[in-house]
Amino acid sequence: TPLSVGGADHRGSRYRAGLSGWAEATGTPVLAEPTSGLRFGDVSGPVIGTGDFLVDSDLYDVVGEPDLIVHTGEAPLNWAARAFVEQTSDVERISIQPHVQRRDPNHVVDHHVIADERRLFEAMLETSHGFEATDTWQKMHHRADRIARAAMETGLLNADALEEPRLWWELQRELPDPASIFVSNSMPIRNADLYMPGREEALDVYFNRGLNGIDG
């Protein structure tokens, strides 16, 4: 039961097709942040845009926890997602990066793989036969994703006022194709993470990822 987590990465769009192809072949859900380069545009079935809601729900109490987490990009932005990745028991964690700089602030990764992500995922796709997750694992993630999106849309569109969550939801729908957006630190990037769950139209998300808290 593998799971892929895509953190912030300005290089994400370069290996998006390779990661999506491998994830599709192996039945691996991809929990992708908006700044990962994986959530928007021409992405295939495995990409999940409501990962923060799913890891904060009882989904994994129902379907069981993953036994393998493949991580790309920075550490997860959302605290619930970060806690899930770091605290899930009996799981092997693999981080894939193109350089020797580690993105593992709490030292929970079991294996650090230094490689060009696109070439690595293409090679993994060629050798992925026989390493396939169960249909239930993949289908439950997609079903949970659809439920989360529907509940979010119903709640936001029925709101009396145009508050921040609905602003981000509407922004995702109304931006042209293609479009680019720069998202600042603190709550804007977190709101984008929660309330822009993905779309088929191209959207490049630019961002700052520096220090946390007031120093950020």
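A brief report on the enclosed structure follows.

The rules behind each value
- Residues numbered from 1 in each chain as written.
- Predicted model: local features only at pLDDT ≥ 70, side-chain atom pairs only at ≥ 80, totals over all residues.
- Heavy atoms only, no water.
- Helix = DSSP H or I, 4+ residues; strand = E, 2+ residues; numbered from the N terminus.
- Rg over C-alpha atoms; globule rule 2.2 N^0.38 Å.
- Buried < 20%, exposed > 50% of the residue type's maximum accessible area, 1.4 Å probe, protein only.
- Contact = heavy atoms within 4.5 Å.
- Patch = residues over 30% accessible without salt bridge, like charges linked within 9 Å, V, L, I, M, F, W, Y side chains within 5 Å.
- Areas by Shrake-Rupley, 256 points an atom, 1.4 Å probe, with all protein chains shown as cover.
- Salt bridge = Lys/Arg side-chain N within 4 Å of Asp/Glu carboxyl O.
- Lys, Arg positive; Asp, Glu negative; His and termini not counted.
- Charge placed at Lys NZ, Arg CZ, Asp CG, Glu CD.
- Polar contact = N/O pair within 3.5 Å; in protein donor to acceptor, adjacent residues only side chain to side chain.

**A short note on the overall build of the protein chain**
Across its full length, the protein chain carries 8 helices and 8 strands. Here the protein chain has a C-alpha radius of gyration of 17 Å; the compact-globule value for 216 residues is 17 Å, and the two agree. Along the first, second and third principal axes, the C-alpha set of the protein chain runs to 50 × 40 × 35 Å. Split into buried and exposed, the 216 residues of the protein chain put 46% on the buried side. Sequence-distant contacts, at least 24 apart, represent 69% of the contacts inside the protein chain between residues at least 6 apart.

**Here's the deal with a negative patch on the surface**
A contiguous patch of negative charge on the surface is contributed by Asp42, Asp177, Glu200 and Glu201. Relative to the elements of secondary structure, Glu200 occurs in the loop between helix H8 (187-195) and strand E8 (203-207).

**Here's the deal with the side chain of Ser4**
Position of Ser4 relative to the elements: it lies in strand E1 (residues 2-6). Here Val70 takes part through its backbone oxygen, which lies 3.4 Å from a polar atom of the side chain of Ser4. Apart from residues lying up to four places away in sequence, Ser4 is in contact with Leu19, Thr28, Pro29, Val30, Leu31 and Val70.

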